[in-house]
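Analysis of the macromolecular model
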Amino acid sequence: MSDTVYSTYEAKSRFSEVMRIVREGRSVVVTYHGEPVAEIRPIDPRGGTAARLEWLRSRGSLLAEGSDPRAFAPLASRPGALRRFLDDRHA
């Protein structure tokens, strides 16, 4: 089943409707300027902590036990990239 999508404004003004949808077992995605920023979903008490951790690992949001976080390669290796980004942002 596909997620229901609301803008931030719609989710705020229709919060009771959002909660009804979640109580029915469906997820709601909240967007900001068209980009997904949050997911409101029902809690699955049967899955417990172990199932939640596995779900986070499967999404790449959590490293597996024993993983070396330093094994990830940087996205940009050009010196000064952060400074240029910050300068452009404030220009």
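Our subject is the structure that appears above.
The structure contained in this document is the topic of the report that follows. Note that the structure is predicted; figures quoted are calculated from it, not measured.

Our next topic: the pattern of salt bridges. Within the structure shown, the criterion is met by 3 salt bridges. Two residues, Arg26 and Glu24, come together in a salt bridge whose shortest N-O distance is 2.9 Å. Look at Arg26 and you get partly exposed, because its relative accessible area is 25%. When salt bridges with common partners are traced through the structure, they connect Arg20, Glu24 and Arg26 into a single cluster.

Its place among the elements puts Thr31 in strand β2 (residues 28-32). Aside from chain neighbours lying at most four places away, what touches Thr31 is Val5, Tyr6, Ser7, Thr8, Pro36 and Val37.

Take the side chain of Ser27 next. Along the polypeptide, Ser27 turns up in the loop between α2 (15-23) and β2. By relative accessible area, Ser27 is classed as buried at 14%. Non-local contacts of Ser27, meaning those with residues more than four positions away in its chain, are made with Asp3, Thr4, Ile21, Glu39, Ile40, Arg41 and Pro42.

Quick look at unusual backbone geometry now. The backbone of His33 sits at a positive phi, close to 55 degrees, despite the residue not being glycine. When you line up the elements, His33 lands in the loop between β2 and β3 (35-40). Take His33: its relative accessible area is 71%, and that puts it in the exposed class.

What counts, and at which threshold
Residues numbered from 1 in each chain as written. Predicted model: local features only at pLDDT ≥ 70, side-chain atom pairs only at ≥ 80, totals over all residues. Heavy atoms only, no water. Salt bridge = Lys/Arg side-chain N within 4 Å of Asp/Glu carboxyl O. Buried < 20%, exposed > 50% of the residue type's maximum accessible area, 1.4 Å probe, protein only. Helix = DSSP H or I, 4+ residues; strand = E, 2+ residues; numbered from the N terminus. Contact = heavy atoms within 4.5 Å.

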